[in-house]
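What follows is each chain in one-letter form.
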Amino acid sequence: MNLTPDQPPLNICMVASEVVPLAKTGGLADVVGALAVEFAKLGHDVCVMLPAYRHVDELGYQMTEGVRFSVPSGHGPIDTRVQEVFAPPLHVQGPGRLRVFVVRHDPYFSRSGLYQEAGRDYPDNLDRFASFCRTVMEMLIHFGEHDGWRADLLHVHDWQAALCAVYLRTLYQGRPSLSHTRSVLTIHNLGYQGLFPATQFSSTGLPLHLFAPAALEFYGQVNVLKGGLVFADLLTTVSPTYSQEIQRAEYGCGLEGVITERKGVLFGIVNGIDTEIWNPATDPYVIAPYHASDLAGKARCKKALQRELGLRLLKCPLLGVIARLTSQKGIDLVIDVLPELMELDVQVVILGTGEPHYEQEVGEWAGRYPGKIAVRTVFDEGLAHRIEAGADMFIMPSRYEPCGLSQLYSLRYGTVPIVRKTGGLADTVVAYTPRAFKESRATGFSFTDSSSASLLTCLLLAMSVYRKKADWQRIVKTGMTQDLSWSRSATTYVHLFRQVISQGGDQ
Ligand code: ADP
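Residues numbered from 1 in each chain as written. Predicted model: local features only at pLDDT ≥ 70, side-chain atom pairs only at ≥ 80, totals over all residues. Heavy atoms only, no water.

Colleague: Any chance you could break down the domain arrangement of the protein for me, citing the residues and the numbers?
Modeller: Interface size is often expressed as the accessible area that is lost when the parts come together. In terms of domains, the protein is made up of domain 1 (11–272 + 487–502) and domain 2 (296–483). Inter-centroid distance (C-alpha atoms) of domain 1 to domain 2 is 35 Å. Counting the surface lost from both domain 1 and domain 2, the interface buries some 1100 Å², and carbon and sulfur atoms represent 55% of this. It is Thr-241, Tyr-251 and Arg-488 in domain 1 that bury the most area against domain 2; as a group they hold 33% of the surface buried on that side. The tally of links between domain 1 and domain 2 comes to zero salt bridges. (Domains from an automatic or database assignment. Buried area = accessible area lost by both parts, 1.4 Å probe. Salt bridge = Lys/Arg side-chain N within 4 Å of Asp/Glu carboxyl O.)

Colleague: Quick one: what's the story with the sheet that holds strand 21 (residues 445–447), residue by residue and with numbers?
Modeller: Two modes of strand pairing occur in sheets, parallel and antiparallel, and in both the strands are linked by backbone hydrogen bonds. Across the sheet, six strands lie side by side as 18-17-16-19-20-21; this open sheet has parallel pairing. For this open sheet the edge positions go to strand 18 (373–376) and strand 21, each flanked by a neighbour on one side alone. Geometrically, the sheet is characterised by an average inter-axis angle of 15° between neighbouring strands, direction not taken into account. Where strand 16 (residues 318–322) and strand 17 (residues 347–351) come together, five bridges link them in parallel fashion. If you follow Gly-320 over to strand 17, its bridge partner there is Val-349. Helix 17 (residues 452–466) contacts strand 16, strand 19 (393–396), strand 20 (416–420) and strand 21 of the sheet and is inclined by roughly 160° relative to strand 21. Against the sheet, helix 18 (residues 469–480) touches strand 19, strand 20 and strand 21, its axis set at about 75° to strand 20. (Pairing = 2+ DSSP bridges. Helix = DSSP H or I, 4+ residues; strand = E, 2+ residues; numbered from the N terminus. Axes fitted to C-alpha atoms, helices over the stretch in contact; angles between N-to-C directions. Contact = heavy atoms within 4.5 Å.)

Colleague: How would you summarise the packing of helix 11 (residues 331–341) against helix 17 if you had to cite specific residues and measurements?
Modeller: Where helix 11 meets helix 17, the closest approach of the two axes is 9 Å, and the angle between their N-to-C directions is 55°. With respect to their mutual orientation, helix 11 and helix 17 come out oblique. Judged by the sense of rotation from one axis to the other, the crossing of helix 11 with helix 17 is right-handed. Contacts between helix 11 and helix 17 involve Leu-333, Val-334, Asp-336, Val-337, Glu-340 and Leu-341 from the first element and Ser-452, Leu-455, Leu-456, Leu-459 and Met-463 from the second. (Parallel < 35°, antiparallel > 145°, perpendicular 65-115°, else oblique. Left-handed = near helix turned anticlockwise from the far one by under 90°.)

Colleague: Please provide a residue-by-residue account of the sheet that holds strand 11 (residues 195–197), values included.
Modeller: Strand order in the open sheet formed by three strands is 11-13-12, with antiparallel pairing between adjacent strands. Every interior strand has two partners, whereas the edge strands, strand 11 and strand 12 (217–218), have only one. Bridge count between strand 12 and strand 13 (residues 221–223): two bridges; the pairing is antiparallel. Note on strand 13: the bridge partner recorded for Phe-218 is Gln-221. The sheet strands contacting helix 6 (residues 224–231) are strand 11, strand 12 and strand 13, and the helix crosses strand 13 at an angle near 50°.

Have a look at this one:
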């Protein structure tokens, strides 16, 4: 616990469209779930709010009757309800408290998808998430007036929750229950902004003057994330380098101007990983457990993986790729270096699904080099673990990477990451240089240009070091002993929360 008498526990309300184990389409859910638990473990009083999707109901967890509200929507007032959910995986044994609430309006949320069906976004997504955020604000007032629980911190995630930060400083400004509440917007991926036609602006319930370039307007459209960027008291991204990169046109997705204006309150905090699930010493998917001080099991994992994939049982370096097969992940760069790699004494395994042309191309390469390249275009959690355990190197040449998890798993499994120096990859992998190596800091290899030539040069360097067994082992062990836990990230968040709270005063 990190509390001292002059540092009382905080009341933290986390608002998100996904949280494990209730609703998940991507990493956002893992981050929110893990952070909520860590905040509570640190002694804070945490509540998490998410929509009552049909999937949440199907999980069958017990729920309270809840508190009813009537909130405005684009088509007149609607009835909503906030119910507490008793989801055992999100329970925390003191010293703090963790409660989970769902916002119910079945016509909006009791659907088969979270945001879309059959590849098409729901056309009323703005209505859905505006009513969600509006209900959260009402619930915070209810907490304040009926339970004496006042949120110190409103921690909102991505565009779906960003309107809470806007409401706090506009429609709900000056409400006594919220007078000392501060908001923090965490951006998990700037690529998703919540863009809607101007005609839908009324769904937000905000005064029309906020449909302006200084607030939610973005080239004639409504941009919900932009509203959050403008009104939140503090902004965070999931790595420091990404927080810098998004201030430039190359990575800013059109929002670089707004972000630069607010750079004084923008911070990057690297995500952690679940060190229980991703632990080579206890991983049930791994055939021979191992740890940093005894790597014998890793060699057995490699042989088992080669056997499973139909690769020859050679001692050469085995290079792994696990990724969505998209250009964001630089899979085209990997494909481009395959001809040169096939001239060398290496093997490659690629696990991924994504754009059909990439799936086809990597499949063709596997057909051309059986025994040397193995490809699986499926989603296979177990195989992902076995590749992390059995491969020698992990290739991740992303064009942009808000944080990235795969390279963190690779570090933990002693599978040396070869990464493009961007976003979270730049922040989590210490690139090999003679000096970094001498100081036992190097944990991987990195390159800067998004080009296959740079990737190849980097791979050649890694392979030359691989041949010096003791040197390689030092890099492996340095990576395996990094602190990748969530507790470190959560402590950093809380530190920032305290700073923004100490700035004090209703704004
Ligand atoms: P992103 O969230 O941008 O896709 P990350 O590196 O942050 O990238 O996380 C990707 C996660 O998805 C990792 O846990 C990785 O192991 C997993 N993953 C990606 N593709 C597959 C697949 N085909 N099978 C199993 N796991 C996969």
